[in-house]
Amino acid sequence: MVDKKICLVETLDHFELSPLAKHVYKCCLEFLPNCVTQDDIQNMLKNKSVEDLEKIINELLGKRLIDAFVQGNQLIYKAVQKDEAKKISSMDGDEAMVFNYIKDASNEGYIVTIKALDLSLLGIWSRTIKIKTNLHTTVLNRALKSLESKQLIKAVKSVKNPTRKIFMIYDLVPSIELTGGPWFTDQEMDLEFIERLQGALYKYILSHSYPKSQDTLFSPSYSGYLTAEQIHSWLKNSGITQVDLELSDVVNLLNVLVYDRKIEYCQNGTAFKALRRVNHKNIHDFTETACESCLINNLFSKEKNTSNNFCIYFRSWLDNNL
């Protein structure tokens, strides 16, 4: 019973904060999952001195209640929940060393999306960790396994290097360069998934590219063609896929359809129009020659049964195209 009380007191003492640090930590928690800048913390302190700012940040860093990252040329901070901070505090020396190298890799390799400060990174190869820590393989594997069980780190697979075991901080999102994005499943490009989406997009664009009457076209002033944003919104609400596709992903699919000559840009490149598929069954080889569109050819009557062999224009066209 005494031991439990001692442990409880030690835990409480570990997270005991000064009033200002407690206030800043509470404000940082409210920002989650986003990060805060030094200016944000300065505003929380109501224009306290720079010395006070540094003291409070160091206090929170020392208690491992915030993490520091580098964004461009400035530091940003992210609050750490106390449960997670307890896990970090419970690490032994080897685990702490391994964890810090993985965390440093996050600082060097992450990509920040400003909208939600979504931290995504490339991670660090297990062999690189071994070289940097100089730990024996057995010790390193034990430390990695322990950190994974505490959900402090996670192992991810790389599309470019499928045989390598990559580790990163548990809460961070692997970059597209690492995972291949939504087009890869189990490190292989999902061609069936891509083709299914392309087919659905083409049909949707086709349904908005022409009037209901098959033999008519919209006027040149028509401005109701679909934009990438509209197509993206439709795809998200259609239920065709459960994969969360970004606008950039949909634009990539649309570009492939453009290259395949299934759709084309219109409205000064702001929208898309489907190209109708040509039925080649009833097309005669004669339509490939210049005679089909020749005005002089139409002057001859069918009764004369004029042959192309007697047409000087046809001979000239034939010589130039052989």
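Residues numbered from 1 in each chain as written. Predicted model: local features only at pLDDT ≥ 70, side-chain atom pairs only at ≥ 80, totals over all residues. Heavy atoms only, no water.

Asks: Any chance you could explain the overall build of the protein chain here in plain terms?
Replies: Helices and strands together make up the secondary structure of the protein chain, namely 13 helices and 13 strands. A burial count over the protein chain gives 34% of its 322 residues as buried. Residue pairs at least 24 apart in sequence account for 55% of intrachain contacts in the protein chain once pairs closer than 6 positions are excluded. Summed over all atoms, the accessible surface of the protein chain reaches about 21,200 Å², with 52% contributed by carbon and sulfur. (Helix = DSSP H or I, 4+ residues; strand = E, 2+ residues; numbered from the N terminus. Buried < 20%, exposed > 50% of the residue type's maximum accessible area, 1.4 Å probe, protein only. Contact = heavy atoms within 4.5 Å. Areas by Shrake-Rupley, 256 points an atom, 1.4 Å probe, with all protein chains shown as cover.)

Asks: Sorry, what's going on with the packing of helix α10 (residues 191-207) against helix α12 (residues 247-259) here?
Replies: The description of two helices packed together rests on the angle between their axes and the distance between the axes. Relative orientation of the contacting elements α10 and α12 amounts to 75°, with a least axis distance of 10 Å. Considering their axes alone, α10 and α12 lie roughly perpendicular with respect to each other. Seen from α10, the contacting residues are I194, L197, Q198, L201, Y202 and I205; seen from α12, they are L253, L254, V256 and L257. The class makeup of the residues in the contact of α10 with α12 is nine nonpolar, one polar and no charged. (Axes fitted to C-alpha atoms, helices over the stretch in contact; angles between N-to-C directions. Parallel < 35°, antiparallel > 145°, perpendicular 65-115°, else oblique. Nonpolar A, V, L, I, M, F, W, Y, C, P; charged D, E, K, R; others polar.)

Asks: Would you explain helix α11 (residues 228-238) in this entry?
Replies: Among the residues making up α11, those that are buried are A228, I231, H232 and L235. An end-on view of α11 places all buried positions within 100° of arc, on one side of the element. Of the surrounding secondary structure, the elements contacted by the buried residues of α11 are α10, α12 and β13 (271-274). Phi turns positive, to about 80°, at G239, one or two residues after α11. (Arc of directions from axis to C-beta.)

Asks: Mind showing me how you'd approach the confidence of the model for the protein chain here?
Replies: One rule of thumb: low pLDDT means the predicted coordinates there are not for detailed reading. Across the protein chain, the average pLDDT comes to 77, with 75% of residues at or above 70. Mean pLDDT across the elements of the protein chain ranges from a minimum in strand β4 (residues 111-113), with 35, to a maximum in α11, with 93. Scored below 50 in pLDDT, residues 301-306 makes one contact in the model with residues more than four places away or belonging to other chains. (pLDDT = per-residue confidence, 0-100.)

Asks: Would you mind showing me how to read the pattern of salt bridges here?
Replies: Where charged atoms of side chains with opposite charge meet at close range, the side chains can pair. Evaluation of the coordinates by the stated rule reveals one salt bridge. One salt bridge in this structure joins K150 and E95, with 3.0 Å as the shortest N-O distance. Of the two residues, K150 sits in the loop between α8 (137-149) and β7 (153-157) while E95 sits in helix α6 (residues 93-109), which places them 55 residues apart along the sequence. (Salt bridge = Lys/Arg side-chain N within 4 Å of Asp/Glu carboxyl O.)

Asks: When you look at the nonpolar core in this model, what are you seeing that I'm missing?
Replies: Nonpolar side chains in soluble globular proteins generally cluster together in the buried interior. Judged by nonpolar contacts, the single largest core of 21 residues is most densely connected at I205, I231, L254, I263 and F272. Tallying contributions element by element places α10 first for this core, with seven residues. Look past the residues within four positions of F272 in its chain and what remains in contact with it is I205, S209, Y225, L226, A228, I231, L254, V258, I263, E264, Y265 and C266. Grouped together as the second largest cluster of nonpolar side chains are 20 residues, A21, Y25, A79 and A85 included. (Core = buried A, V, L, I, M, F, W, Y, C linked by side-chain atoms within 4.5 Å.)

Asks: What is the right way to look at the sheet that holds strand β2 (residues 66-71) in this model?
Replies: Each strand in a sheet pairs with another by means of backbone hydrogen bonds, the pair being arranged parallel or else antiparallel. Reading across the sheet, the three strands line up as β1-β3-β2 and stay open at both edges, with antiparallel pairing between neighbours. Each of the sheet's edge strands pairs with one partner strand only, and the pair in question is β1 (36-37) and β2. Taken together, the six bridges between β2 and strand β3 (residues 74-79) define a ladder with antiparallel strand orientation. Considered in β3, the bridge of I66 is made with A79. Against the sheet, helix α4 (residues 50-62) touches β2 and β3, its axis set at about 115° to β2. (Pairing = 2+ DSSP bridges.)

Asks: Help me understand the packing of aromatic side chains, please; the structure alone is not making it clear to me.
Replies: Geometry of an aromatic ring pair is reported as the spacing of the ring centres plus the angle between the planes. This model, assessed by the stated rule, comprises six aromatic pairs. With a centroid separation of 4.0 Å and an interplanar angle of 5°, the aromatic rings of Y204 and W234 are classed as stacked. One end of the pair, Y204, is in helix α10; the other, W234, is in helix α11, and 30 residues separate them in sequence. We classify Y204 as buried; its relative accessible area is 16%. W234 gets classed as partly exposed once you look at its relative accessible area, which sits at 24%. An angle of 80° between the planes, with centres 6.2 Å apart, marks the rings of F218 and Y225 as edge-to-face. An aromatic cluster is built from F218, Y222 and Y225, whose rings are joined through pairwise contacts. Its guanidinium or amino end placed over the ring of W125, R164 lies 3.8 Å from that ring's centre, counting from NZ or CZ. (Phe/Tyr/Trp six-rings, centres within 6.5 Å; stacked < 30°, edge-to-face > 60°. Lys NZ or Arg CZ within 6 Å of the ring centre and 35° of its normal.)

Asks: Please clarify how the side chain of T37 should be interpreted in this entry.
Replies: Within the element layout of this structure, T37 appears in strand β1. For T37, a relative accessible area of 18% puts it in the buried group. Discounting residues that sit within four places of it in the chain, T37 has contacts with Q74, L75 and I76.

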